[in-house]
Amino acid sequence: MSEERVREWKLHVIVLGLVIVTELIGTKKIDLGIGVLALFPMLYALVIGGFISWPTFNWLKMGEMKRASYILGIAFMLFVAKLGTMLGPSLPQIFDAGFSLSVQEIGHFVGTIILGLPIALLIGMKREAIGATFSIDREPNLAVISEKYGGDSPEVRGALGVYICGTIFGAIYLALLAGFLGSLGLFHPISLAMGAGVGSGSMMAAASGALAVTFPEHAEEIAVFAGAANLITIIIGTYVCIFFSLPVTVRLYRWLEPILGRRHAVDKGEGVSR
Amino acid sequence: MKQKLLIVSIIGLIAILGNWVGYGVSPIEALPGIMIIVAVTIIGWSLTDCLPFKLPAVVWISLLALLITSPVFPGNSYLAEMTAKINFMALATPILAYAGLSFGKDLADFKKLSWRIVVVSLVVYTGTFLFAALFAEIMFRIQGKF
């Protein structure tokens, strides 16, 4: 136990160092011509942290990385509390946007399927495609699908794959996407903020952070609406997955697979098409 | 619970230091705000443990935070004012730093995945973000809010 604690201090000290260094660097915007790339402290912290934990360097042991992941879960609750305190005073504003807020939520659930499933089939995935595209595959979604198909099924393999990709580069990718979409000027910052509430704390933090950098004059509202959308996604997400997303994905799969699926594709033994 | 309290206190301290360096709010000024946030988190956890029906801790913590800062709660303006001193990005930075430090544990699993799952993951994240933003935008335009 005391050994565990020593390790944990090491993590906290690294994080403290990362926070101070990255906050000193501050926010940078890079104009790419077609859009603006928003870079800000939490992204540097994520990337440098990832670098520090790169297994080849052996700077962190496996137990320490697992511990960091556990602390992440606890730390996220503080962020939830902070967002809650931002939502409280803005309740009238949120109720005012209530209708849009409920409709955009549908977008969160169908967006993964509409865009994801056809592409998964086109590139040759089979039943893995169901698990990979019925949701963004965070913990509650994983629980739903492994309960239905069992731990070793292709569906669960697909879901786990998206889960791992999400933990590895979900936050970075969403921050870049949010900053880019924001700079295009097609959407109102509040619409984008609702889009940022994908149902994962770190991804939402990174995406809404990028939006706040892109639209500094809307920073407060962005946090409020991203937080509200994220909360709705988390709270009702499990039920939507059970009663809507998963059944719909399975039906669409049966319908689309014969059309889009690459049946005669040679199995390269990558464990995807089987 | 004691261990969780220690962890959230440490993260709270790191956050107010980040808030100081990045947003120029002195730690003394930010201290009451972070204490409120830590207290809400701890009470939310206790509720999750005590109540007979099971709901994720996020639900209780966010509802509690929302309640105490909403216009119906006595002293809400003080609580809202104090917690507003903690910039939400300053609180997110340490969280993503821990996320970064846990990166290596998934790398071996990641290497076993085929390129297909990487493509699909990116598409799935794009889809959920883009469609939600699109639906929100359409609703706002129909309602004429912008």
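Our structure is the block above this text.
None of the values given here were measured: they were computed from a predicted structure.

Cut-offs applied
Residues numbered from 1 in each chain as written. Chains lettered and ligands numbered in written order. Predicted model: local features only at pLDDT ≥ 70, side-chain atom pairs only at ≥ 80, totals over all residues. Heavy atoms only, no water. Contact = heavy atoms within 4.5 Å. Buried area = accessible area lost by both parts, 1.4 Å probe. Salt bridge = Lys/Arg side-chain N within 4 Å of Asp/Glu carboxyl O. Polar contact = N/O pair within 3.5 Å; in protein donor to acceptor, adjacent residues only side chain to side chain. Helix = DSSP H or I, 4+ residues; strand = E, 2+ residues; numbered from the N terminus. 1 Å grid on protein atoms, 1.4 Å probe; cavity = no way out; pocket = protein on both sides within 12 Å on 5 of 7 lines; lining within 4 Å. Points joined across faces, edges and corners; volume = space filled by probe spheres on them. Nonpolar A, V, L, I, M, F, W, Y, C, P; charged D, E, K, R; others polar. Buried < 20%, exposed > 50% of the residue type's maximum accessible area, 1.4 Å probe, protein only. Axes fitted to C-alpha atoms, helices over the stretch in contact; angles between N-to-C directions. Parallel < 35°, antiparallel > 145°, perpendicular 65-115°, else oblique. Left-handed = near helix turned anticlockwise from the far one by under 90°. Phe/Tyr/Trp six-rings, centres within 6.5 Å; stacked < 30°, edge-to-face > 60°.

1. A look at the interface of chain B and chain A
Phase 1 of the analysis: Every contact between the two is made by 86 residues of chain B and, on the other side, 117 residues of chain A.
Phase 2 of the analysis: Interface area for chain B against chain A, summed over the two sides, is near 9,100 Å², with a carbon-plus-sulfur share of 80%.
Phase 3 of the analysis: Remark: the boundary between chain B and chain A carries 0 salt bridges.
Phase 4 of the analysis: One can count 15 residue pairs in polar contact (both at pLDDT 80 or more) joining chain B with chain A.
Phase 5 of the analysis: Elements with a minimum of two residues in the side of chain B that touches chain A: helix H1 (2-23), helix H2 (27-50), helix H3 (57-69), helix H4 (76-84), helix H5 (88-101), helix H6 (103-112) and helix H7 (115-143) of chain B.
Phase 6 of the analysis: Considering every element that reaches the side of chain B that touches chain A, the biggest residue donor is H7(B), with 27 residues.

2. Considerations on empty space enclosed by the protein
Phase 1 of the analysis: The full count for this structure, using the stated rule, is 2 cavities of 30 Å³ or more.
Phase 2 of the analysis: Approximately 80 Å³ is the volume found for the largest cavity.
Phase 3 of the analysis: For the lining of the largest cavity, the secondary structure elements donating two or more residues are helix H3 (62-87) and helix H11 (219-260) of chain A together with H3 of chain B.
Phase 4 of the analysis: No other element matches the 5 residues that H3(A) contributes to the lining of the largest cavity.
Phase 5 of the analysis: Looking at the lining of the largest cavity, its residues break down into 8 nonpolar, 4 polar and no charged.

3. A short note on the pattern of salt bridges
Phase 1 of the analysis: A full pass over the atoms with the stated rule returns 9 salt bridges over all chains.
Phase 2 of the analysis: In this structure, the salt-bridge partner of Arg157(A) is Glu128(A), at a minimum N-O distance of 3.4 Å. Taken together, the positions of Arg157(A) in helix H8 (residues 154-184) and Glu128(A) in helix H6 (residues 128-133) put the pair 29 residues apart, joining distant regions of the chain.
Phase 3 of the analysis: Look at Arg157(A) and you get partly exposed, because its relative accessible area is 29%.
Phase 4 of the analysis: Between Lys105(B) and Asp106(B) there is a salt bridge, with its nearest N and O atoms 3.3 Å apart.

4. Details of the packing of H3(A) against helix H10 (residues 201-214) of chain A
Residue and element names in this part refer to chain A.
Phase 1 of the analysis: H10 packs onto H3 with a crossing angle of 55° between their chain directions and a minimal axis gap of 10 Å. By the angle between their directions, the pair H3 and H10 is classed as oblique. Note on packing geometry: the crossing formed by H3 with H10 is left-handed. From H3, Phe76, Phe79 and Leu83 reach across to H10, where they touch Gly201, Met204 and Ala205.
Phase 2 of the analysis: Its residues placed into classes, the contact of H3 with H10 shows 5 nonpolar, 1 polar and no charged.

5. A closer look at the packing of aromatic side chains
Aromatic rings in a pair are described by how distant their centres are and how their planes are angled relative to each other.
Phase 1 of the analysis: Within the structure shown, the criterion is met by 8 aromatic pairs over all chains.
Phase 2 of the analysis: Between Phe169(A) and Phe110(B) the ring centres are 5.8 Å apart and the planes differ by 90°, which places this aromatic pair in the edge-to-face class. One end of the pair, Phe169(A), is in helix H8; the other, Phe110(B), is in helix H6, on a second chain. Phe110(B) shares its class with Phe169(A); the two are buried.
Phase 3 of the analysis: Taken together, the ring pairs in this structure connect Phe51(A), Phe57(A) and Trp59(A) into an aromatic cluster.

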